[in-house]
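Coordinates in review
The primary structure of each chain is shown beneath.
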Amino acid sequence: MKMRFSYLIFCVLALALSGTAQEKPAQGKKYTKKEEHRTVAQVLDRTVTNLERDFVPAAEAMPEDKYGFAPTEGEFKGWRNFGQQIKHVAAVNYELGAALLQEKPPTDVNDEAGPASTTTKADILKYLHDSFVYVHKAIETINDKNLVETVKSPFGEGSVTRLGLATSVAWHGFDHYGQMVEYLRMNGIVPPASR
């Protein structure tokens, strides 16, 4: 529990810092410091965009015939294969987005495994893409007034804050992204973010 709380604090601090980061000026242009007001939704949405920019290209980088790859030796026994990792993240995106919107997920999440009928690389990538569209829509509903308002937890009984749900999108996705990077490298593929 203490480790989880520390991790949550780390995530909140990382979100706060990402919201204050300045973009590098284009080559040949001078940097001018300009204060820019960002809404809570914009800051939180940026974390989802950052995840999406790493996660989707990694999902696209694996050849379709390797989507069923999962390591079988060592500490990897029983883990999801590459395609299952992607569908899981997409399914949880739908669950988190639905909780933020206080509605049922608009598609089959199949106990966080994604639809059993979604098996091709193209279909898995579409399911992933659509999940990001949906979670972006949900994050847009967060504002200063409802940020710490509680909603029903998508993971059992109880309630959670909108902030907690929104930060879960990024940390959960990056957790699985790290696993996908391992799978890519085990197949001789350099992840796009590392090229």
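Secondary structure summary: the chain contains five helices and two strands in total. Each helix and strand of the chain, ordered N terminal to C terminal, gives the series α-α-α-α-β-β-α. Of all 195 residues assigned to the chain, the portion counted as buried reaches 41%. For the chain, contacts bridging at least 24 residues in sequence account for 68% of all contacts bridging at least 6. Carbon and sulfur atoms make up 54% of the accessible area of the chain, which totals about 11,800 Å².

So, about the side chain of Glu95. You can see Glu95 is positioned in helix α3 (residues 82–101). For Glu95, the contacting residues outside a window of four places in its chain are Pro105, Val109, Glu112, Pro154 and Phe155.

What follows concerns the packing of α3 against helix α5 (residues 162–186). Here α3 crosses α5 at 175°, and the two axes come no closer than 10 Å. In terms of orientation, α3 lies roughly antiparallel with respect to α5. Of the residues in α5, those touching α3 at Phe82, Gln85, Ile86, His88, Val89, Val92, Asn93, Leu96, Ala99 and Leu100 are Arg162, Leu165, Ser168, Val169, His172, Gly173, His176, Gln179, Met180, Tyr183 and Leu184.

For the rest of this paragraph, the subject is the confidence of the model for the chain. Overall, the predicted model of the chain reaches an average pLDDT of 87, with 82% of residues at or above 70. Predicted confidence for residues 1–25 stays below pLDDT 50, and this span has 18 contacts to residues more than four positions away or in other chains.

By secondary structure assignment, the location of Ala193 is in the segment after α5. Put simply, Ala193 and Phe55 are 138 residues apart on the chain and 9.0 Å apart in space, counted from C-alpha to C-alpha. Apart from the residues lying within four places of it in its own chain, the contact partners of Ala193 are Asp54 and Tyr177.

Time to look at the nonpolar core. Ranked by internal contacts, the top residues of the largest apolar core, which has 44 residues, are Phe55, Tyr67, Phe82, Ile86 and Leu128. It is α3 that contributes the most residues to this core, 11 residues altogether.

Considering the arrangement of structural elements, one finds Lys152 in strand β1 (residues 150–152). Apart from the residues within four sequence positions on either side, Lys152 is in contact with Ala99, Gly158 and Ser159.

Here the focus is the packing of aromatic side chains. Per the stated rule, a full pass over the model turns up six aromatic pairs. With 5.7 Å between their ring centres and 90° between their planes, Phe69 and Tyr183 make a pair best called edge-to-face. Here Phe69, found in the loop between α2 (40–61) and α3, pairs with Tyr183, found in helix α5; they are 114 residues apart in sequence, far enough to count as distant. On the basis of relative accessibility, which here comes to 0%, the residue Tyr183 falls in the buried class. When the ring of Tyr94 is compared with that of Tyr127, the centres are 5.4 Å apart and the planes differ by 45°; the resulting orientation is tilted. A residue pair is termed long-range when its members are at least 10 positions apart, and Tyr94 in helix α3 and Tyr127 in helix α4 (residues 121–139) qualify at 33 residues.

The next thing to look at is the environment of Phe82. Tracing the sequence through the fold places Phe82 in helix α3. The exposure class assigned to Phe82 is buried, which follows from its relative accessible area of 0%. Between the C-alpha atoms of Phe82 and His176, which are 94 residues apart in sequence, the distance is 9.7 Å. Dropping the residues within four chain positions of it, Phe82 is found in contact with Ala58, Ala59, Met62, Lys66, Tyr67, Phe69, Met180, Tyr183 and Leu184.

Bringing the packing of α2 against α5 into the picture now. Put simply, α2 and α5 touch, their axes get as near as 9 Å, and they point 20° apart. On the basis of their axis angle, the class for α2 and α5 is roughly parallel. Taken as a pair, α2 and α5 cross one another with a handedness that is left-handed. Seen from α2, the contacting residues are Leu44, Thr47, Val48, Asn50, Leu51, Asp54, Phe55, Ala58, Ala59 and Ala61; seen from α5, they are Leu163, Ala166, Thr167, Val169, Ala170, Gly173, Phe174, His176, Tyr177, Met180 and Leu184. Looking at side-chain class alone, the contact of α2 with α5 contains 15 nonpolar, five polar and one charged residues.

Conventions we followed
- Residues numbered from 1 in each chain as written.
- Predicted model: local features only at pLDDT ≥ 70, side-chain atom pairs only at ≥ 80, totals over all residues.
- Heavy atoms only, no water.
- Helix = DSSP H or I, 4+ residues; strand = E, 2+ residues; numbered from the N terminus.
- Buried < 20%, exposed > 50% of the residue type's maximum accessible area, 1.4 Å probe, protein only.
- Contact = heavy atoms within 4.5 Å.
- Areas by Shrake-Rupley, 256 points an atom, 1.4 Å probe, with all protein chains shown as cover.
- Axes fitted to C-alpha atoms, helices over the stretch in contact; angles between N-to-C directions.
- Parallel < 35°, antiparallel > 145°, perpendicular 65-115°, else oblique.
- pLDDT = per-residue confidence, 0-100.
- Core = buried A, V, L, I, M, F, W, Y, C linked by side-chain atoms within 4.5 Å.
- Phe/Tyr/Trp six-rings, centres within 6.5 Å; stacked < 30°, edge-to-face > 60°.
- Left-handed = near helix turned anticlockwise from the far one by under 90°.
- Nonpolar A, V, L, I, M, F, W, Y, C, P; charged D, E, K, R; others polar.

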